[in-house]
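# Observations on chain architecture
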Amino acid sequence: MNAGRRRYFFFLLLLGLGAVSFAAADLASFARRQTVLAPTLFEVQPGSSLSTISKQLEQQKIITSATRFTLIVRIRRLANRLQAGEYEFQPGDTPQAIIDQLVSGRIKQYQLTIPEGLTIREISRLMPSRLCQNGEFEQLADDPALLKQWNIPAAYGEGYLFPSTYPYSKATTCRQLVSQMLKTFTEQFQLASTTATTEASLPLSRHELVTLASIIQKETGRLEEMPLIAAVLINRLRKGMRLECDPTVIYGLGDGFDGNLRKKDLLDASSPYNTYQHRGLPPGPICNPGIMALKAAHAPAPVDYLYFVSRNDGSHQFSATYQDHHKAVQRYQQRR
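Described in the following lines is the structure provided in the data block. Computed from a prediction, not measured in an experiment: that's the story for all the values here.

## Comments concerning the environment of Ala 154
Relative to the assigned elements, Ala 154 resides in the loop between helix 7 (144-149) and strand 4 (165-168). In the structure, Ala 154 is positioned 66 residues away from Thr 220 in sequence and 25 Å away in space, judged by C-alpha atoms. Those residues in contact with Ala 154, other than ones at most four positions away along the chain, are Leu 147, Tyr 160 and His 207.

## Comments concerning the state of the cysteines
Evaluation of the coordinates by the stated rule reveals one disulfide. Each sulfur of the disulfide joining Cys 132 and Cys 174 lies 2.1 Å from the other. Across the S-S bond linking Cys 132 and Cys 174, the dihedral sits near 95 degrees, which makes this disulfide right-handed. Of the two residues, Cys 132 sits in the loop between helix 5 (120-124) and helix 6 (136-141) while Cys 174 sits in helix 8 (residues 174-193), which places them 42 residues apart along the sequence. Residue Cys 174 is classed as buried on the basis of its relative accessible area of 1%. A disulfide-free cysteine, Cys 287 has its sulfur positioned 12 Å from the sulfur of Cys 245, the nearest such atom. Cys 287 sits in the buried class, given a relative accessible area of 0%.

What counts, and at which threshold
- Residues numbered from 1 in each chain as written.
- Predicted model: local features only at pLDDT ≥ 70, side-chain atom pairs only at ≥ 80, totals over all residues.
- Heavy atoms only, no water.
- Helix = DSSP H or I, 4+ residues; strand = E, 2+ residues; numbered from the N terminus.
- Contact = heavy atoms within 4.5 Å.
- Disulfide = S-S within 2.5 Å.
- Buried < 20%, exposed > 50% of the residue type's maximum accessible area, 1.4 Å probe, protein only.

Following this line, the structure appears as structure tokens:
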């Protein structure tokens, strides 16, 4: 090779190396460039190719170049590791950050908060349509297969759907959510059982304890009062007294309850949930209780109270005798 050709060859080599260096620098710059301007949802369908994902990202203006994005993913040998799901990209995200999120599968998570003391029907009304279709939650809550899976000793799920905050994604099914709620109840009931005391040593089954906890939950929203309410109910059961709890009657009325509990409702013995007319606990839970109500059912306060009446401020006056209870009723209810 003569000198002229050698110089030309080296010129081409340097030109090629320069082009490669320029391309590498360009890709590196692209990967670090912030491209997401606002929170943006993006969904990768199962089986989507890298090319399809790249084009969709560009179409949604999440990245500026599908070609460069594809090259970076291929250079890093990640083409087969992008995971399906719904993602949310944040302002300031770079193509590099987007790739990392797609590879790690950090999909968009939603949260559903179930307050304590709701019935299955009330919980159903909280269900987002993307999670449970009309009536689906109620149907699954009473699904014999699910109840059996989590060893629920009842024909219905009322009382066993633990109130908490549950994360879910677009891919979560209603069945998976109900199963998680039943699973959480099983764990929390076990936790509550560790607080059991000898004072609560009535021969109550798990179903009866959950029923008791559901009444405690509905009778007071004050955590410090729950063991006292539990004591009243346990003491009345021991003595064979009727529980006489308004919430059980209301539950038995169902859709027939219009917000006013009338004397005729208290006298109606047709409902097994009317604890003014029937002794003992009602047939089952009247709501889905939280952990403190479950703990109170296992460990009532060591007091001899048999009565309580609302003070009209969210708290209650407790009494051990009917005479004291009658005075409390006059003070807090009849004068009102």
